[in-house]
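Observations on the model geometry
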Amino acid sequence: KVAGVVGHLQSGTTIPAAGIYNKCGVPHITTAATNPDVTKPGYKTTFRLIANDNALGAALAIYAHDTLRIKKVAVIDDRTAYGQGLADVLKATAKEKGIEVVAEEFTTDKATDFMAILTAIKSKNPDGIFYGGMDSSAGPLLKQGRELGIKAVFAFGHGACSEKMKELAGDAAEGLICSQAGIPAMASSKSFLEAHKAKFNVDPIIYAPFTYDATNLLIAAMQKADSVDPAKYLPELAKIQLDGATGKIEFDAKGDRKDAEMTIFTMKTGKIEPLAIIKAGQSIKFED
């Protein structure tokens with residue numbers, strides 16, 4: 001008797017779970033899974049509140065080319081649905097932008113020793129190194145890269161766009177580049193973040209404003225339909241418009257968020273700070 005689902009965290013679990021929810025007719029909103037395959041089947045019950053890997057990978061490549069002027073990049077991924085999907089899109093977009101991909105390596109999401117991979121990459125002398133994976137492995141990879149004397153810009157997707165990178169990589173984290181879905185916290189989600197801090201005395205994780213919005217979307221659709229019956233409120237969810245903590249929300253025919261924005265961040269004195277907003281293939285400098 002589940003009326004709706006908010007989840008899951010990772011694409012590898014979200015993709016098979018979406019099929020189950022669809023069979024049961026249960027609306028499902030993911031706030032963190034970014035693999036394009038989440039919405040590819042076209043399930044009417046599946047919705048996503050953040051940009052997918054196609055957009056996130058492209059955003060990093062656009063920023064690398066347009067702003068960082070990177071000419072040669074090495075790409076590493078952890079072979080997960082998330083990491084590999086993000087890396088594949090970044091490689092494709094980088095090539096379209098004229099960036100040479102000089103090395104393609106892969107590891108696992110459990111690996112902690114990257115010296116062999118990094119040594120091979122160092123000999124190719126890239127301007128940038130992109131890693132598709134989570135912060136638990138991205139941190140050690142970045143730290144070991146700097147220990148080897150690699151001067152290239154290190155860039156990561158949203159799975160490693162966290163202040164935990166400072167804890168895992170130490171001083172090597174300074175200056176890293178990463179992308180997150182949505183716009184910076186000091187913009188539309190500022191009031192949510194302040195309220196969260198006031199109530200729980202802790203900063204929320206990056207997915208919290210999206211999860212908050214997903215819950216309110218389900219509630220709003222139920223209110224419009226005057227029912228918690230999934231069959232009755234699902235049509236309202238599909239056509240809903242809501243101004244949430246993460247901005248204006250509407251879904252397209254596949255269940256993806258329309259005009260999803262992405263933000264490029266850097267690590268500065270242990271804090272993740274915004275550099276630019278990427279929307280519709282364009283780079284926009286962020287000004288607070």
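What counts and how
Residues numbered from 1 in each chain as written. Predicted model: local features only at pLDDT ≥ 70, side-chain atom pairs only at ≥ 80, totals over all residues. Heavy atoms only, no water. Helix = DSSP H or I, 4+ residues; strand = E, 2+ residues; numbered from the N terminus. Rg over C-alpha atoms; globule rule 2.2 N^0.38 Å. Buried < 20%, exposed > 50% of the residue type's maximum accessible area, 1.4 Å probe, protein only. Contact = heavy atoms within 4.5 Å. Pairing = 2+ DSSP bridges. Lys, Arg positive; Asp, Glu negative; His and termini not counted. Salt bridge = Lys/Arg side-chain N within 4 Å of Asp/Glu carboxyl O. Polar contact = N/O pair within 3.5 Å; in protein donor to acceptor, adjacent residues only side chain to side chain. Expected span 1.5 Å × (residues − 1). Phe/Tyr/Trp six-rings, centres within 6.5 Å; stacked < 30°, edge-to-face > 60°. Lys NZ or Arg CZ within 6 Å of the ring centre and 35° of its normal. pLDDT = per-residue confidence, 0-100. Core = buried A, V, L, I, M, F, W, Y, C linked by side-chain atoms within 4.5 Å. Axes fitted to C-alpha atoms, helices over the stretch in contact; angles between N-to-C directions. Parallel < 35°, antiparallel > 145°, perpendicular 65-115°, else oblique. Left-handed = near helix turned anticlockwise from the far one by under 90°. Nonpolar A, V, L, I, M, F, W, Y, C, P; charged D, E, K, R; others polar.

Attention shifts here to the overall build of the protein. Within the protein one finds nine helices and 13 strands. The C-alpha atoms of the protein give a radius of gyration of 19 Å, which matches the 19 Å a tight globule of 288 residues would have. By its C-alpha atoms, the protein is 65 × 40 × 35 Å across when sized along the principal axes. Split into buried and exposed, the 288 residues of the protein put 51% on the buried side. For the protein, long-range pairs separated by at least 24 residues make up 63% of all intrachain contacts whose partners lie at least 6 apart in sequence.

The next subject is the pairing of strand β7 (residues 153-156). Two elements, strand β6 (residues 128-132) and β7, share four bridges in a ladder whose sense is parallel. From the neighbouring strand, tyrosine 131 faces β7, where its bridge partner is phenylalanine 156. Bridge count between β7 and strand β8 (residues 177-181): two bridges; the pairing is parallel. The residue bridging alanine 155 from the neighbouring strand is isoleucine 177, located in β8.

Our focus in this paragraph is the side chain of aspartate 135. Counting through the fold element by element, aspartate 135 comes out in helix α5 (residues 135-147). One buried charged residue, aspartate 135, forms no salt bridge at all, with the nearest opposite charge on lysine 164 at 4.5 Å. A polar atom in the side chain of aspartate 135 sits 2.8 Å from the side chain of serine 162.

Once that is clear, we can look at helix α8 (residues 208-225). Over its 18 residues, α8 runs 26 Å from end to end, which matches the ideal 26 Å to within 8%, given 1.5 Å per residue. Turning to α8, its buried residues are Ala208, Pro209, Phe210, Asp213, Ala214, Leu217, Leu218, Ala220, Ala221 and Met222. Once α8 ends, the next one or two residues include aspartate 226, with phi positive near 55°.

This brings us to the pattern of salt bridges. In total, this model carries eleven salt bridges according to the counting rule given. One connected set of salt bridges, linked through shared partners, spans Asp88, Lys91 and Glu104.

Moving on to the packing of aromatic side chains. Each aromatic ring pair is characterised by the separation of its centres together with the angle its planes make. Scanning all chains against the criterion turns up three aromatic pairs. Here phenylalanine 47 and phenylalanine 251 contribute two aromatic rings whose centre-to-centre distance is 4.9 Å and whose plane-to-plane angle is 55°, an arrangement assigned as tilted. With a gap of 204 residues between them, phenylalanine 47 in strand β3 (residues 46-48) and phenylalanine 251 in the loop between β10 (247-249) and β11 (262-268) connect regions that are remote in the sequence. In this structure, phenylalanine 47 and phenylalanine 251 share a single accessibility class: buried. For the pair phenylalanine 114 and tyrosine 131, a centre-to-centre distance of 6.5 Å together with 65° between the ring planes defines the contact as edge-to-face. A residue pair is termed long-range when its members are at least 10 positions apart, and phenylalanine 114 in the loop between β5 (100-106) and α4 (115-122) and tyrosine 131 in strand β6 qualify at 17 residues. Assigned by exposure class, phenylalanine 114 and tyrosine 131 land together as buried. Its guanidinium or amino end placed over the ring of phenylalanine 106, arginine 79 lies 4.4 Å from that ring's centre, counting from NZ or CZ.

Attention now goes to the confidence of the model for the protein. In this model, the protein carries a mean pLDDT of 91, and residues with pLDDT of at least 70 account for 94%. With pLDDT under 50 throughout, residues 280-288 is counted as low confidence; its partners more than four residues away or in other chains account for 18 contacts.

This part is about the environment of leucine 86. Its location among the elements puts leucine 86 in helix α3 (residues 81-96). Taking relative accessible area as the criterion, leucine 86 reaches 0% and is therefore assigned buried. Setting aside chain neighbours within four positions, we find leucine 86 in contact with Asp53, Leu56, Gly57, Phe130 and Gly157.

Membership of the largest hydrophobic core comes to 43 residues, with the highest contact counts inside it found for Ile29, Leu49, Phe130, Leu217, Leu237 and Phe251. Residue contacts for phenylalanine 130: discarding those within four places in its chain leaves Leu60, Val73, Ala74, Val75, Ile76, Leu86, Ala87, Leu90, Ala155, Phe156 and Gly157. Grouped together as the second largest cluster of nonpolar side chains are 28 residues, Ala111, Leu118, Leu141 and Met267 included.

Time to look at the packing of helix α2 (residues 53-66) against α3. When two helices pack together, their arrangement is given by the angle between the helix axes and the distance between those axes. Relative to each other, α2 and α3 sit at 50°, their axes nearing to 8 Å. What the angle tells us is that α2 and α3 run oblique. For α2 against α3, the interelement crossing comes out right-handed. Contact residues: Asp53, Asn54, Leu56, Gly57, Ala58, Leu60 and Ala61 in α2; Ala81, Tyr82, Gly85, Leu86, Val89, Leu90, Thr93 and Ala94 in α3. When grouped by side-chain class, the residues that make up the contact of α2 with α3 number ten nonpolar, four polar and one charged.

Tracing the sequence through the fold places aspartate 78 in the loop between β4 (72-77) and α3. Lacking a salt bridge, the buried aspartate 78 has arginine 79 as its closest oppositely charged neighbour, with an N-O distance of 7.0 Å. Within the structure, aspartate 78 has its side chain in polar contact with the side chain of threonine 80 (distance 2.7 Å). Setting aside anything within four residues of it in sequence, one finds aspartate 78 in contact with Gly83, Gln84, Thr107, Thr108, Asp109, Tyr131, Gly132, Gly133 and Met134.

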